[in-house]
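Coordinates in review
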Amino acid sequence: HFPMRIRHSLPLLAALALVTSAPAQEPETHLLRYTFTKGQQSHVMAVQVMEMSNDMMGKMMTMKLGLHLSFECVDVKDGNGVLVLTTNRATAKVQNPMMEEDFDSDGENDPDSMLNDMNHLVGVEITATLSDRGEIVELDLDDDAAEWFNRGGMSAKQFFARSFPVLPAEAVAVAVN
């Protein structure tokens, strides 16, 4: 006879052996992709916050740039969406040890503000071709707008690439709770 403690443990050990010997199930996966539809429209606000080290009193300078954009899908080619992006409004806030300045293209601004050149972006149409993963394949914009982005140390393509989430190349597993 088995001692009492082992006898009661046998059913538990048998169940444990069945569970551990069962084959592991593969998690369900999904391939995430954007689906573009000609004529589809949307509106977004692309915001970038930049903090830069400043030699002025060793303080940080912060700049927050916002572009209110309309998107319209004007064509679909090989799964890529051709979008026309229109800047409807531009906003900015700059803070540093010497000043704090706000800009809003829809509001009244200081006529001497260094941020007034953001008005050049309002009404600008940019044509972007996006892959079904959200990567910018091509970006076309006028020279003035391209120059404005380049002056800020970032190309327009770099700015807008941060505005579109890029989906993973591989299928993702669905979490099971």
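Quick summary incoming for the structure in this document. All values reported here derive from a predicted model rather than from experimental measurement.

1. Details of the pairing of strand 5 (residues 99–104)
Alignment of strand 4 (residues 80–96) against strand 5, held across six bridges, turns out to be antiparallel. Looking at strand 5, one finds that Gln95 is bridged to Glu100. In this antiparallel pair of consecutive strands, strand 4 and strand 5, the connection spans two residues.

2. What to know about the pattern of salt bridges
Side-chain pairs of opposite charge can arise where the charged atoms are in close proximity. Applying the stated criterion to the full structure yields six salt bridges. The closest approach of N and O atoms between Arg89 and Asp106, which form a salt bridge, is 3.6 Å. Of this pair, Arg89 sits in strand 4 while Asp106 sits in the loop between strand 5 and strand 6 (125–130), and the two are 17 residues apart along the sequence. Of the charged contacts, one joins Lys93 and Asp102 as a salt bridge, the two residues approaching to 3.4 Å between their closest N and O atoms. Under the relative-accessibility criterion, Lys93 is labelled partly exposed at 28%. Overlapping salt bridges, with partners in common, bring together Arg89, Asp104 and Asp106 in one network.

3. Notes on unusual backbone geometry
The phi dihedral of Asp78 falls on the positive side, at around 55°, and the residue is not glycine. For Asp78, the location among the structural elements is in the loop between strand 3 (60–77) and strand 4.

4. A few points about a negative patch on the surface
On the surface, Asp142, Asp143, Asp144 and Glu147 cluster together into a patch of negative charge. Within the secondary structure, Asp142 is located in the loop between strand 7 (136–140) and helix 2 (143–151).

5. A few points about the nonpolar core
Leu67, Leu83, Leu85, Phe149, Phe159, Phe160 and Phe164 are the most contacted members of the largest nonpolar core, which totals 32 residues. The set of elements that each furnish at least two residues to this core consists of strand 3, strand 4, strand 6, strand 7, helix 2 and helix 3 (156–161). The element that contributes the greatest number of residues to this core is strand 3, accounting for seven residues. Apart from residues lying up to four places away in sequence, Leu83 is in contact with Phe36, Phe71, Glu72, Cys73, Ile126, Thr127, Ala128, Leu130 and Phe164.

6. Looking at the environment of Thr62
Within the secondary structure, Thr62 sits in strand 3. Since its relative accessible area comes to 18%, Thr62 is described here as buried. Note: C-alpha distance between Thr62 and Val49 (13 residues apart in sequence) is 7.2 Å.

7. A short note on helix 2
All buried positions along helix 2 are accounted for by Ala145, Trp148 and Phe149. Seen end-on, helix 2 carries its buried residues on one side only, within an arc spanning 95°. Opposite the buried face of helix 2, at more than 90 degrees from it, the exposed residues are Asp143 and Asp144. Buried positions along helix 2 lie against strand 3 and helix 3. N-cap assignment for helix 2: the residue whose side-chain oxygen lies 3.1 Å from the backbone N of Asp144 is Asp142. Within two residues after helix 2, Gly153 carries a phi angle of roughly 85°, on the positive side.

Rules of the game
- Residues numbered from 1 in each chain as written.
- Predicted model: local features only at pLDDT ≥ 70, side-chain atom pairs only at ≥ 80, totals over all residues.
- Heavy atoms only, no water.
- Pairing = 2+ DSSP bridges.
- Helix = DSSP H or I, 4+ residues; strand = E, 2+ residues; numbered from the N terminus.
- Salt bridge = Lys/Arg side-chain N within 4 Å of Asp/Glu carboxyl O.
- Buried < 20%, exposed > 50% of the residue type's maximum accessible area, 1.4 Å probe, protein only.
- Patch = residues over 30% accessible without salt bridge, like charges linked within 9 Å, V, L, I, M, F, W, Y side chains within 5 Å.
- Areas by Shrake-Rupley, 256 points an atom, 1.4 Å probe, with all protein chains shown as cover.
- Lys, Arg positive; Asp, Glu negative; His and termini not counted.
- Charge placed at Lys NZ, Arg CZ, Asp CG, Glu CD.
- Core = buried A, V, L, I, M, F, W, Y, C linked by side-chain atoms within 4.5 Å.
- Contact = heavy atoms within 4.5 Å.
- Arc of directions from axis to C-beta.
- Polar contact = N/O pair within 3.5 Å; in protein donor to acceptor, adjacent residues only side chain to side chain.

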